[in-house]
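Remarks on the overall topology
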Amino acid sequence: MLQSSPTAPVPLRQDVRLIGLVGLAHASSHFSHLMLPLLFPVFMREFGLSYAELGFLMTVFFVVSGLGQAGAGFIVDRFGARRVLFASEALFVLACVLASLAQGYFGLLMVAVVAGLANAPLHPVDFTILNQRVSAPRLGHAFSAHGLTGNLGWAVAPVFLVGFGHVLGWRGAYVAAAVMYSAILALLVLYREELRTEVVVRSAGQAAGGDLDFLRLPVVWWCFAFFMLSTMTLALVQNYAVSLLQVLHQVTLEAATLTLTAYMLCAAAGIFVGGFVAARADTSSDHVVAACMGTGAVLMLLCGSGWLGAQATMLALAATGFAIGIGNPSRDMMVKRATPRGATGRVYGTVYSGFDVGFAAAPLIFGVLMDRGQFHATFLVAALILALSVLTAVGVGRRVRT
């Protein structure tokens, strides 16, 4: 059984260093989410692919990640988080090397599989380390920093890949990404003692009887549904916002890419603010999450209404990121309150696999709509799905209280 967050006083410097290391790993995970989508226009030109075919690449990525994440939670609980984290970063290096060598659609599918496998353990690993090693009074801020660094990983990806792609070509950009992941792995190995987690070895009979008990809790599946639904809107922004802005408002590729970066930066700012909100509203985290997701749904509805021009749509998308970002730390606190003691890796692995299911389903749904020319409808469907996530957040809160 895993140990909970330490109750003894912990020096601020120690907490900050640990949060920074975990945050760096989380940023590398989110960077990988955009490893392929940012170069979709290049792949369409180089390999003659459709939106649906490109979307299927991300479906493969997140199916592998989701299935792997659910299993990774058990591995982390049983063997500790550190070794799993190192293996994940090494696989990211391999995925970037494979991307630089890809010669067609099959090569891109292999990249999606390897990168998805690398991405799978990150949330169980991160939250296991944070819950065990960060002092309890700073845990809300640790969740805020964790979400913040993830969004910074998304924000850096367009600048990194497009920038290096402009100088070195798209294959050279992937080589640069492989070097970056290698440097992250080296840093994590250097500070490996900071990332150590405790496990209690149980007998085979005890493990068989208790490892799956958490799956009987309805609140776990309400959390899963929330992550699945709330993620689908984010998947639309990440995968297709650039193309949608170009088609609907005839903006340049640079302006559309800048809007994606603005969305991620605004989400990061929202997460920073949300850390203070989560610290003060621990027992009502579900209300905070529902309000933020509802606001995001209204803004997304405006983007698809056709009432806004190019600049107003880009501003509304950025504001959506800010609104959803505020709710992220409260979301993690909401899941923590629903997690049985000693099951952190398993619960976070299962719940966050909803994140991957949402990312896997969304590209297919939205890609088909876009191939049929239903560009405004794409935004409207995303708004509806985000509104449904409000109901699941309310459902989680009710079940945690009972």
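Residues numbered from 1 in each chain as written. Predicted model: local features only at pLDDT ≥ 70, side-chain atom pairs only at ≥ 80, totals over all residues. Heavy atoms only, no water.

1. Some words on the overall build of the protein chain
Along the protein chain, the regular secondary structure elements total 14 helices and zero strands. In sequence order, the secondary structure elements of the protein chain are arranged as α-α-α-α-α-α-α-α-α-α-α-α-α-α. Since a compact globule built from 402 residues should have a radius of gyration of about 21 Å, the 20 Å found for the protein chain is in line with a globular shape. Considered along the principal axes of its C-alpha atoms, the protein chain spans approximately 60 × 45 × 40 Å. The buried share of the protein chain, taken over its 402 residues, is 57%. Long-range pairs, those at least 24 residues apart, make up 86% of the contacts in the protein chain with a sequence separation of at least 6. When the accessible surface of the protein chain is split by element, carbon and sulfur atoms take 69% of a total near 15,600 Å². Here the protein chain contributes 23 positively and 17 negatively charged side chains, and the mean placements of these two sets differ by 7 Å. (Helix = DSSP H or I, 4+ residues; strand = E, 2+ residues; numbered from the N terminus. Rg over C-alpha atoms; globule rule 2.2 N^0.38 Å. Buried < 20%, exposed > 50% of the residue type's maximum accessible area, 1.4 Å probe, protein only. Contact = heavy atoms within 4.5 Å. Areas by Shrake-Rupley, 256 points an atom, 1.4 Å probe, with all protein chains shown as cover. Lys, Arg positive; Asp, Glu negative; His and termini not counted. Charge placed at Lys NZ, Arg CZ, Asp CG, Glu CD.)

2. Details of the packing of aromatic side chains
Counted according to the given criterion, the structure contains 13 aromatic pairs. Centre to centre, the rings of Phe-31 and Phe-160 are 5.4 Å apart; their planes meet at 85 degrees, and the pair counts as edge-to-face. Within this pair, whereas Phe-31 is found in helix α1 (residues 12–33), its partner Phe-160 is found in helix α7 (residues 139–190), the two being separated by 129 residues in sequence. Residues Phe-43 and Trp-170 carry aromatic rings whose centres are separated by 5.6 Å and whose planes lie at 85 degrees to one another, so their mutual orientation is edge-to-face. One end of the pair, Phe-43, is in helix α2 (residues 40–47); the other, Trp-170, is in helix α7, with 127 residues separating them in the sequence. Here Phe-43 falls in the buried class, since its relative accessible area comes to 0%. Assessed through its relative accessible area of 12%, Trp-170 is described here as buried. Cluster of aromatic residues (ring-pair linked, three or more members): Phe-31, Phe-92, Phe-160, Phe-164 and Tyr-181. (Phe/Tyr/Trp six-rings, centres within 6.5 Å; stacked < 30°, edge-to-face > 60°.)

3. Remarks on unusual backbone geometry
The backbone of Gln-250 sits at a positive phi, close to 55 degrees, despite the residue not being glycine. Mapped onto the secondary structure, Gln-250 falls in the loop between α9 (218–249) and α10 (253–280).

4. Some points on the packing of α9 against helix α11 (residues 285–305)
For the pair α9 and α11, the least separation of the axes is 12 Å and the interaxial angle reads 35 degrees. Along this stretch, α9 crosses α11, giving a crossing that reads as left-handed. Counting all contacts with α9, which are made through Phe-226, Ser-230, Thr-233 and Val-237, the residues of α11 involved are Val-289, Met-293 and Met-300. In terms of residue class, the contact of α9 with α11 is made up of five nonpolar, two polar and no charged. (Axes fitted to C-alpha atoms, helices over the stretch in contact; angles between N-to-C directions. Left-handed = near helix turned anticlockwise from the far one by under 90°. Nonpolar A, V, L, I, M, F, W, Y, C, P; charged D, E, K, R; others polar.)

5. Thoughts on the environment of Pro-329
In this fold, Pro-329 is placed in helix α12 (residues 310–337). In this structure, the C-alpha to C-alpha distance between Pro-329 and Val-394, residues 65 residues apart in sequence, is 16 Å. Those residues in contact with Pro-329, other than ones at most four positions away along the chain, are Ser-144, Ile-271, Gly-274, Gly-275 and Ala-278.

6. Focus on a nonpolar patch on the surface
Together, Phe-272, Val-273, Phe-276 and Phe-322 line one region of the surface with nonpolar side chains, adding up to about 370 Å² of accessible area. The greatest single-element share of the nonpolar patch, amounting to three residues, is contributed by α10. For Phe-322, the position within the fold is in helix α12. Residue classification places Phe-322 among the partly exposed positions, given a relative accessible area of 33%. (Patch = residues over 30% accessible without salt bridge, like charges linked within 9 Å, V, L, I, M, F, W, Y side chains within 5 Å. Salt bridge = Lys/Arg side-chain N within 4 Å of Asp/Glu carboxyl O.)

7. As for the nonpolar core
One finds Leu-36, Phe-43 and Leu-195 to be the most contacted residues of the largest nonpolar core, which totals 121 residues. Those residues in contact with Phe-43 that lie beyond four places of it in its chain are Leu-36, Gly-48, Leu-49, Leu-54, Leu-108, Trp-170 and Tyr-174. (Core = buried A, V, L, I, M, F, W, Y, C linked by side-chain atoms within 4.5 Å.)

8. Digging into α12
In an α-helix there are 3.6 residues to a turn, and that puts residues three or four apart on one side. Between its terminal C-alpha atoms α12 stretches 41 Å, which fits the 40 Å expected from 28 residues at 1.5 Å a residue. Residue Asn-328 marks the point of greatest curvature in α12, where the axis turns by about 35 degrees; the proline Pro-329 follows within four residues. Counting buried residues along α12, 20 of its 28 residues qualify, which places the element largely inside the surrounding structure. (Expected span 1.5 Å × (residues − 1). Bend = angle between axes of the 7 residues up to and from the residue.)

9. Observations concerning the confidence of the model for the protein chain
When the pLDDT values of the protein chain are averaged, the result is 84; 92% of them are 70 or greater. Per-element confidence in the protein chain is highest for helix α5 (residues 105–119), whose mean pLDDT is 94, and lowest for helix α8 (residues 204–210), whose mean pLDDT is 51. (pLDDT = per-residue confidence, 0-100.)

10. What to know about the packing of α2 against helix α3 (residues 51–79)
Viewed as axis vectors pointing N to C, α2 and α3 meet at an angle of 125 degrees, and their least axial separation amounts to 11 Å. One element, α2, and the other, α3, form an angle in the oblique class. Remark: the crossing between α2 and α3 carries right-handed chirality. Counting all contacts with α2, which are made through Phe-40, Phe-43 and Met-44, the residues of α3 involved are Tyr-51, Leu-54, Leu-57 and Met-58. Split by residue class, the contact of α2 with α3 holds seven nonpolar, no polar and no charged. (Parallel < 35°, antiparallel > 145°, perpendicular 65-115°, else oblique.)

11. Some remarks on the environment of Pro-121
On the secondary structure map, Pro-121 appears in the loop between α5 and α6 (122–133). We classify Pro-121 as buried; its relative accessible area is 9%. Distance from Pro-121 to Gly-73, taken between C-alpha atoms, is 7.1 Å for residues 48 residues apart in sequence. When neighbours within four sequence positions are excluded, Pro-121 is seen to be in contact with Ala-72, Val-84 and Ser-88.

12. Remarks on the pattern of salt bridges
Per the counting criterion, the structure on display carries three salt bridges. The residue Arg-331 makes a salt bridge to Asp-332 at a minimum N-O spacing of 3.2 Å. Here the two residues Arg-331 and Asp-332 agree in accessibility, since each one is buried.

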